[in-house]
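What the coordinates show
If you want the building blocks of each chain, they are given just below.
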Amino acid sequence: MRVLKKYPNRRLYDTRTSSYITLADVKQMVLGAETFEVRDAKSGEDLTRSILLQIILEEETGGVPMFSTPMLANIIRFYGHAMQGMMGNYLEKNLQTFVEVQARFAEQSKGLYDPKTFTPETWAQFMSGQAPLMQGLMGNYLEQSKNLFVQMQEQMQAGALFPGMPGFGAKR
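Figured I'd write up the structure that's included with this text. (Residues numbered from 1 in each chain as written. Predicted model: local features only at pLDDT ≥ 70, side-chain atom pairs only at ≥ 80, totals over all residues. Heavy atoms only, no water.)

Formed by Leu-4, Leu-12, Ile-21, Leu-23, Val-26, Met-29, Phe-36, Val-38, Leu-47, Ile-51 and Ile-55, the largest nonpolar core amounts to eleven residues. Of all the secondary-structure elements, those providing two or more residues to this core are helix 1 (23-31), strand 4 (36-40) and helix 2 (48-61). With three residues, the top contributor of residues to this core is helix 1. Setting aside its immediate chain neighbours within four residues, Leu-12 contacts Lys-5, Lys-6, Ser-19, Tyr-20, Ile-21, Thr-22, Leu-23, Val-26, Val-38 and Ile-51. Counting residues in each nonpolar core, the second largest holds five residues, with Met-86, Tyr-90, Leu-148 and Met-152 among its members. (Core = buried A, V, L, I, M, F, W, Y, C linked by side-chain atoms within 4.5 Å. Buried < 20%, exposed > 50% of the residue type's maximum accessible area, 1.4 Å probe, protein only. Helix = DSSP H or I, 4+ residues; strand = E, 2+ residues; numbered from the N terminus. Contact = heavy atoms within 4.5 Å.)

The following block contains the structure:
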């Protein structure tokens with residue numbers, strides 16, 4: 001695993017290349033699906049999440065944000081809430097499903113980006129044929145999302161999520 005050290009002066013040091021790097025370099029590692037961790041140079045504390053959140057903050061403040069203000073407010077409301085752990089798991093599984101749908105779509109659209117065959121007419125043809133495919137992919141995604149939520153509800157009702165807590169036990 002690639003280890004990055006964060007120094008008090010906020011600089012990041014890549015132990016593999018023996019050089020200082022920027023958040024933009026870390027973003028490129030993420031985009032390249034590289035496995036890494038960020039450690040505090042002094043204490044050894046894992047700072048990976050903190051660095052990833054910094055990258056998200058930079059992306060959100062520059063360009064076109066991914067998260068709306070109401071969505072961010074809703075996420076904040078889940079902190080400290082009994083459902084906090086479930087929400088993180090739910091969002092993670094939904095994002096993974098979305099990535100899988102996106103990968104399937106990319107696989108099916110291969111060849112469209114070949115400069116020799118890519119024309120406005122080819123793109124229009126492709127998109128007109130994709131409506132049923134996209135409906136199917138998104139339908140599957142929404143169905144998986146619904147099933148995940150129902151599964152979490154059932155676990156909560158069965159008392160699996162909050163064992164021993166009054167009001168969260170199995171129904172009798």
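Take the packing of aromatic side chains next. Within this structure, the stated rule accounts for three aromatic pairs. Between Tyr-7 and Tyr-13, the aromatic rings sit 6.4 Å apart at their centres with planes inclined by 80 degrees, giving edge-to-face as the arrangement. Note on Tyr-13: relative accessible area 21%, which makes it partly exposed. With centroids separated by 6.4 Å and ring planes inclined at 65 degrees, the aromatic side chains of Tyr-7 and Tyr-20 adopt a geometry described as edge-to-face. (Phe/Tyr/Trp six-rings, centres within 6.5 Å; stacked < 30°, edge-to-face > 60°.)

Taken in spatial order, the four strands line up as 3-2-1-4 in an open sheet, and their pairing is mixed. Both outer strands of the open sheet, strand 3 (19-21) and strand 4, are each paired with one neighbouring strand and no more. Going from strand to strand, the sheet's axes swing by 35 degrees on average, the running direction of each strand aside. By the bridge criterion, five bridges tie strand 1 (residues 2-6) to strand 4 in an arrangement that is parallel. Among the inter-strand pairings, Arg-2 is bridged to a residue of strand 4, identified as Phe-36. Each of strand 1, strand 2 (12-14) and strand 4 is contacted by helix 2, which is oriented at about 105 degrees to strand 4, the strand it contacts most. (Pairing = 2+ DSSP bridges. Axes fitted to C-alpha atoms, helices over the stretch in contact; angles between N-to-C directions.)

A few words now on the side chain of Arg-2. Along the chain, the position of Arg-2 falls in strand 1. At 2.5 Å, the side chain of Arg-2 and the side chain of Glu-34 are in polar contact. (Polar contact = N/O pair within 3.5 Å; in protein donor to acceptor, adjacent residues only side chain to side chain.)

Let's shift gears to the environment of Glu-37. Secondary-structure assignment places Glu-37 in strand 4. Residues Glu-37 and Arg-49, spaced twelve residues apart in sequence, show a C-alpha to C-alpha distance of 8.9 Å. Contact partners of Glu-37, with chain neighbours within four places excluded, come to Met-1, Arg-2, Val-3, Leu-4 and Thr-48.

Let's shift gears to a nonpolar patch on the surface. On the surface, Leu-95, Phe-98 and Val-99 cluster together to form a nonpolar patch covering roughly 260 Å² of accessible area. If you trace the backbone, Val-99 turns up in helix 4 (residues 84-108). (Patch = residues over 30% accessible without salt bridge, like charges linked within 9 Å, V, L, I, M, F, W, Y side chains within 5 Å. Areas by Shrake-Rupley, 256 points an atom, 1.4 Å probe, with all protein chains shown as cover. Salt bridge = Lys/Arg side-chain N within 4 Å of Asp/Glu carboxyl O.)

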